[in-house]
Amino acid sequence: MNTHGLIKGAKVWAFGDYIDTDVLAPGLYMKSSTEVIASHCLETVEPDFVKNVNKGDVICAGKSFGIGSSREQAAQSLVYHGVAAVLAPSFGGIFYRNAINHGLMTLICPNAKQITAGQHISIDATAGSVCIQETGVQYSCEPMPKHLLAMMVDGGLVPHLQRRFAN
Amino acid sequence: MAETSAQKIIAHAAGLDKVVPGEIVTCSVDLAMIHDSGGPRRVRPILEKLGVGVWDPDKVVLISDHYVPAVDAESAQILDVTRKFATEQGLPHFYDMQGICHVVLAERGHLKPGMFVVGGDSHSPTGGAFGCFMFGIGATDMAGVLATGETWVRVPETVRVEVTGGMPKGVSAKDVMLALCARLGMDGADYQVIEYTGDTISTLPMSERMTLCNMAAELGAQTGIIAGDKTTAEFIRNAGAEPSDFGRWLTDPQALVRSTHQIDIAALGPQVAAPHSPANSAPVAEVEGVKIDQAYIGACTGAKLIDLRMAAEILEGRDVAKGARLLIAPASQKDTAVAAADGTLATLTAAGAIMMPSGCGACAGYGAGVLAEHEVCIASTARNFKGRMGATNSQVYLGNPYTVAAAAVAGEIKDPREFLR
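Note that the coordinates shown come from a computational prediction; the quantities given were computed from them, not determined experimentally.

Let's talk about the overall build of chain B
Then, number 1: Within chain B, the regular secondary structure consists of 14 helices and 18 strands.
Then, number 2: Computed over its C-alpha atoms, the radius of gyration of chain B comes to 20 Å, within 12% of the 22 Å expected for a compact globule of 421 residues.
Then, number 3: Counting the 421 residues in chain B, one finds 61% classified as buried.
Then, number 4: Within chain B, counting contacts between residues at least 6 apart in sequence, those at least 24 apart form 77% of the total.

What follows is the structure, encoded as structure tokens:
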């Protein structure tokens with residue numbers, strides 16, 4: 001991803017509605033490091049995810065992705081595996097913030113569930129558009145608010161604050 | 001223009017005359033609550049990286065509740081970091097092993113109408129019961145708050161839930177929330193604030209109001225809120241603090257709300273949520289007869305003094321069924337002390353309940369009392385997500401404390417009203 005919030009030809013993982021934080025970061029492993037927690041990411045719904053996900057892949061999911069706990073390991077686990085963006089019609093409110101705070105692009109896309117696993121998509125977060133490479137179908141999504149996009153391209157809240165404190 | 005309570009509080013915290021829903025504003029934080037799991041162990045490295053300390057120690061409340069008491073070297077280490085952080089940062093409000101954060105925060109008089117509060121936990125909406133705007137954030141967000149004393153917020157729309165009628169026997173605030181989860185779904189109030197109104201609300205004690213706001217999280221809401229009134233002021237006074245002027249923060253009668261939902265509590269019976277979502281709720285009759293291995297009364301949602309008393313009403317003179325186990329983790333040390341003094345604890349233990357430490361415990365699969373594969377549990381907690389309380393294929397049902405206690409006695413899910421006749 002470059003500084004304008006562009007992603008090109010990323011492979012899609014597809015999930016249903018209500019992928020909650022216990023599915024993304026199971027409570028049983030919360031004492032452990034992000035690495036250990038991440039190794040159990042999504043295992044209850046897609047046991048092969050951790051094995052087969054590649055850096056730069058994106059997730060297209062149903063409504064309320066990341067609903068549940070405030071544990072940001074849910075977002076960090078996806079960042080750990082190199083997931084570049086999550087597209088969903090809606091997000092758990094805390095997850096949405098956590099994701100951006102860790103530099104993970106989160107896009108509100110009403111049609112995210114129509115995008116299927118294995119397809120490749122290109123995303124323009126500023127314009128709010130998604131294009132499926134295989135079919136040429138385009139969907140619109142809510143453009144990311146400017147200051148959140150700025151934080152995300154900085155790599156998240158901490159680098160963003162580091163800049164602020166340096167000034 | 002007429003405004004909602006949330007708009008008034010956010011505008012004040014943002015130093016603006018007015019804010020409108022959808023607008024993103026930066027607010028000064030009146031209070032930040034953190035706990036041992038998402039708190040020091042996660043924010044300390046970030047503060048070190050930024051080279052700053054806590055912006056205002058007096059505005060921070062630190063509570064250890066997730067890994068208490070330590071059960072192994074890792075949890076002991078997490079608690080050690082928590083205690084060291086309190087000392088390093090000179091935090092005057094550190095409650096070590098005194099109970100679950102949302103309950104302790106309230107009972108120690110930290111919450112007042114009109115405050116803009118963030119909590120490092122998703123059940124932070126609980127604090128909205130005190131007429132403040134309190135919502136949950138993650139650890140990095142919290143580190144940002146601790147470093148700067150401010151955070152951004154998207155001004156939410158308001159959803160009104162009007163609760164009317166008298167509370168029937170065997171029913172509690174929990175049932176209102178389970179019924180709402182079934183009706184609206186887990187995204188029924190996405191990013192919005194749920195304001196609870198109606199004649200029932202004014203009759204409810206603070207602990208039941210807290211349960212209503214607590215489970216706003218299960219509707220996807222940013223938070224819940226209940227206008228301050230005499231009951232709020234009395235609770236704050238009893239907690240040793242001075243109540244604020246609540247009239248200033250009330251929602252104007254003409255304020256725009258996104259939707260209004262009515263609940264006639266008089267017509268509501270006990271509800272139970274089947275695995276693996278609070279939205280799978282239905283009247284208890286639909287799941288009666290499901291055999292249980294464990295009944296769990298615990299968590300910020302369902303183990304306050306009032307919840308323990310509900311369970312005791314059922315357990316009085318009865319025994320936990322053979323083959324079932326009843327675990328009870330009171331929400332706070334204060335609640336435990338009162339329950340010990342008034343005989344509630346004796347009733348629970350005489351029935352065979354196993355008393356657990358005050359803390360988040362098994363609710364989130366952190367503490368003692370987690371489930372084995374294929375085990376079935378009914379809990380007074382807020383969430384029954386897959387694998388949350390232990391093994392991936394364990395099954396968790398949610399009910400009010402009467403229903404959980406009744407299941408413990410029967411060894412299977414049962415309408416608790418049969419024990420209250």
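Re the overall build of chain A
Then, number 1: Per the secondary structure count, chain A includes 7 helices and 7 strands.
Then, number 2: In terms of overall dimensions, chain A has C-alpha extents of about 45 × 45 × 25 Å along its principal axes.
Then, number 3: Across chain A, the fraction of contacts at a sequence separation of at least 24, relative to all contacts at a separation of at least 6, is 67%.

Section: the environment of P45 of chain B
Residues and elements named next belong to chain B.
Then, number 1: Note on placement: P45 falls in helix α2 (residues 40-50).
Then, number 2: Judged by C-beta crowding, with 13 C-beta atoms within 10 Å, P45 ranks as partly exposed.
Then, number 3: For the pair P45 and D80, spaced 35 residues apart in sequence, the C-alpha to C-alpha distance is 15 Å.

Thoughts on helix α4 (residues 73-80) of chain A
All names here are of chain A.
Then, number 1: Along α4, 6 of the 8 residues are buried, which leaves the element largely enclosed by surrounding structure.
Then, number 2: Inspection of α4 places Q73, A74, A75, Q76, S77 and L78 among the buried residues, and these make up the whole buried set.
Then, number 3: In the core, the buried residues of α4 are packed alongside α1 (21-24), α2 (34-38), β3 (85-88) and α5 (93-101).

Things to note about α5 of chain A
Residue and element names in this part refer to chain A.
Then, number 1: Burial analysis of α5 places 9 of its 9 residues in the buried class, which makes it a mostly covered element.
Then, number 2: For α5, every residue scored as buried is listed here: G93, I94, F95, Y96, R97, N98, A99, I100 and N101.
Then, number 3: Of the residues trailing α5, G103 is marked for its positive phi of about 80 degrees.

Details of the sheet that holds strand β6 (residues 129-132) of chain A
All names here are of chain A.
Then, number 1: As summarised here, the arrangement of the 7 strands in space is β4-β3-β2-β1-β5-β6-β7, forming an open sheet in which the pairing is mixed. The sheet is open, and its two borders are formed by β4 (105-108) and β7 (138-140), each paired with just one other strand. Adjacent strand axes in the sheet meet at a mean angle of 30 degrees when their direction is disregarded.
Then, number 2: Where strand β2 (residues 58-60) meets β3, 3 bridges bridge the pair, whose relative direction is parallel. Within the sheet, the bridge partner assigned to I59 lies in β3 and is V86.

A short note on the domain arrangement of chain B
All names here are of chain B.
Then, number 1: Each assigned domain of chain B is listed with its residue range as follows: domain 1 (5-264) and domain 2 (271-419).
Then, number 2: Between the C-alpha centres of domain 1 and domain 2 the distance comes to 24 Å.
Then, number 3: At the junction of the two partners, domain 1 supplies 33 residues and domain 2 supplies 33 residues.
Then, number 4: Among the secondary structure elements, those contributing two or more residues to the side of domain 1 that touches domain 2 are α4 (101-107), α6 (173-184) and α8 (206-214).
Then, number 5: For the side of domain 1 that touches domain 2, the element with the highest residue contribution is α6, accounting for 6 residues.
Then, number 6: Class assignment of the residues belonging to the side of domain 1 that touches domain 2 gives a composition of 14 nonpolar, 12 polar and 7 charged.

A closer look at the pairing of strand β3 (residues 60-64) of chain B
For a regular strand, side chains alternate in direction, first toward one face of the sheet and then toward the other.
Residue and element names in this part refer to chain B.
Then, number 1: Along β3, 5 of the 5 residues are buried, which leaves the element largely enclosed by surrounding structure.
Then, number 2: Where burial is concerned, the two faces of β3 agree: the one with V60, L62 and S64 and the one with V61 and I63 are both buried.
Then, number 3: Summarising the sheet, strand β2 (residues 31-35) and β3 pair through 4 bridges and their orientation is parallel. Across the sheet, the residue bridging to A32 is V60, located in β3.
Then, number 4: For the segment spanning β2, α2 and β3, crossover handedness is right-handed.

Quick notes on the sheet that holds strand β9 (residues 193-197) of chain B
All names here are of chain B.
Then, number 1: Pairing is parallel in the open sheet, where 4 strands are placed in the order β10-β9-β8-β11. Sheet topology places β10 (223-225) and β11 (259-264) at the edges, where each strand pairs with a single neighbour. Across this sheet, the average inter-strand angle for adjacent strands is 25 degrees, counted without regard to direction.
Then, number 2: By the bridge criterion, 3 bridges tie β9 to β10 in an arrangement that is parallel. By the bridge assignment, I194 is partnered in β10 with G224.

Focus on the nonpolar core
For soluble globular proteins, nonpolar side chains are generally found buried alongside one another.
Then, number 1: Within the largest apolar cluster, 198 residues are counted, with the highest numbers of intra-cluster contacts made by V86 and L87 of chain A together with I10 of chain B.
Then, number 2: When residues of this core are assigned to domains, at least three fall in each of domain 1 (5-264) and domain 2 (271-419) of chain B.

Some details on unusual backbone geometry
Residues and elements named next belong to chain B.
Then, number 1: Cis geometry is adopted by the peptide bond preceding P69, which originates at V68 and carries an omega value of -20 degrees.
Then, number 2: Structurally, P69 can be placed in the loop between β3 and α3 (73-88).
Then, number 3: Look at the link from P275 to H276: it is a cis peptide, with omega at 0 degrees.
Then, number 4: Structurally, H276 is set in the loop between β12 (271-273) and β13 (281-283).
Then, number 5: In the Ramachandran plot, A299 falls in the positive-phi region, its phi being about 80 degrees despite a non-glycine side chain.
Then, number 6: As for its placement among the helices and strands, A299 is situated in helix α10 (residues 299-302).
Then, number 7: Here A299 falls in the buried class, since 27 other C-beta atoms lie within 10 Å of it.

Remarks on the pairing of strand β15 (residues 325-328) of chain B
Residues and elements named next belong to chain B.
Then, number 1: Note that strand β14 (residues 294-297) and β15 share 4 bridges and pair parallel. Bridge assignment links Q294 to a residue of β15, and that residue is R325.
Then, number 2: Here 2 bridges tie β15 to strand β16 (residues 354-355), and the two strands are oriented parallel to one another. Residue pairing in the sheet places I328 in a bridge with M355 of β16.

Cut-offs and rules
- Residues numbered from 1 in each chain as written.
- Chains lettered and ligands numbered in written order.
- Predicted model: local features only at pLDDT ≥ 70, side-chain atom pairs only at ≥ 80, totals over all residues.
- Helix = DSSP H or I, 4+ residues; strand = E, 2+ residues; numbered from the N terminus.
- Rg over C-alpha atoms; globule rule 2.2 N^0.38 Å.
- Buried ≥ 20, exposed ≤ 12 C-beta atoms within 10 Å, placed from the backbone.
- Contact = placed C-beta atoms within 7 Å.
- Pairing = 2+ DSSP bridges.
- Axes fitted to C-alpha atoms, helices over the stretch in contact; angles between N-to-C directions.
- Domains from an automatic or database assignment.
- Nonpolar A, V, L, I, M, F, W, Y, C, P; charged D, E, K, R; others polar.
- Right-handed = clockwise from strand over helix to strand, strands pointing away.
- Core = buried A, V, L, I, M, F, W, Y, C linked by C-beta atoms within 7 Å.

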